[in-house]
Amino acid sequence: MKKGNSDNIPTHSHRAWELLLDRLRIQKAVISALMIREVVSRYGRGNLGFLWLLLEPLALVTGVILIWGLSQSDGKNGLPIITFVISGYMPLTLWRHVSSYPRLMSNNFGLLYHRQTSVFDIIIARTLTELAGVTAASLIVYFFVLTSGFASPIANPASLVLGWLLMAWFGFSFGCLAAGLSERSEAVSSLIQPFQYLLLPISGCFYLVSWLSVELRHLALLIPLPHMYEMIREGFFGSEITAHYSIPYVIIWCIVVNTLGIWSMLSSRESLSFR
């Protein structure tokens, strides 16, 4: 007796899952190898490397501690000044590191000759490496100032982690867009860093949205970055502050910018060459 066509459905479905799992295993291996390469190239060439991720914020925090001690200031609007600085500076470091990938594809052109390696594997590996490095550095710096008695304990870890991950996602999305556009124009590569600096005053790094007037508050919340800073600061200060943010709004921004970034990278990949 012949088997009906329906008997083949589980077999085909099982085969499809096997192919998908095989593909995922390959991509995991590729991204892992690229991350190791990124770690070696960034942190293993005899320079300060990872140590600089610690020294830079520690130098800033030390300077703030000295100024704070000399001025006997209670902090920003009654908030602990060191915690306020850390809650602004460390997300800023994450944003700077994961959103700036000028000429990423051209600089890694040789890797694209490998059949299993795509431009998205390269940028995902770099983003995960930066995320891991900055997160580790932030935890070490925070532990140092906490045990030294200069910072307050984290009040809402869930809000802090969510804001941190959304900052990484938005930075990755912007990084994809910058990577694609910079392949089309040298000017874009030169403008990425000035653009990051221009965003600083309105990013939420130096203020809480609740400190602004109602009119300025609405304008500030049109920008996605203050939402993520507010989440992170709510994580540090909890009920001591009134945080203003919208998680769906940030997610929509991430999806839109991510989509534009993917389109930008794919369209630029077609005409990619050494320059």
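All of these numbers come straight from a predicted model, not from anything done at the bench. (Residues numbered from 1 in each chain as written. Predicted model: local features only at pLDDT ≥ 70, side-chain atom pairs only at ≥ 80, totals over all residues. Heavy atoms only, no water.)

Student: Please give an account of the environment of Val250 that cites residues and values.
Tutor: Among the secondary structure elements, Val250 is positioned in helix H10 (residues 247–269). In the structure, Val250 is positioned 24 residues away from Pro226 in sequence and 9.7 Å away in space, judged by C-alpha atoms. In contact with Val250, other than residues within four places in its own chain, are Leu166, Pro224, His227, Met228 and Met231. (Helix = DSSP H or I, 4+ residues; strand = E, 2+ residues; numbered from the N terminus. Contact = heavy atoms within 4.5 Å.)

Student: Outline empty space enclosed by the protein, listing residues and values.
Tutor: Following the criterion strictly, the structure yields two cavities of 30 Å³ or more and no others. In this structure, the second largest cavity spans a volume of roughly 30 Å³. Every residue lining the second largest cavity is listed: Leu92, Trp95, Gln196, Leu199, Leu200, Ser203, Leu225 and Tyr229. Contributions of two or more residues to the lining of the second largest cavity are made by helix H3 (81–98), helix H7 (186–203) and helix H9 (224–237). Counting residues per element, the lining of the second largest cavity draws most heavily on H7, which supplies four residues. Across the lining of the second largest cavity, the residue classes tally to six nonpolar, two polar and no charged. (1 Å grid on protein atoms, 1.4 Å probe; cavity = no way out; pocket = protein on both sides within 12 Å on 5 of 7 lines; lining within 4 Å. Points joined across faces, edges and corners; volume = space filled by probe spheres on them. Nonpolar A, V, L, I, M, F, W, Y, C, P; charged D, E, K, R; others polar.)

Student: Tell me about H9, and please be specific about residues and values.
Tutor: An α-helical segment advances 3.6 residues per turn. Residues three or four places apart therefore align on the same side. For H9, with 14 residues, the first-to-last C-alpha span of 20 Å sits near the 20 Å given by 1.5 Å per residue. Of all 14 residues making up H9, 14 are buried, and the element is well covered by its neighbours. One or two positions beyond H9, positive phi appears at Gly238, with a value near 60°. (Expected span 1.5 Å × (residues − 1). Buried < 20%, exposed > 50% of the residue type's maximum accessible area, 1.4 Å probe, protein only.)

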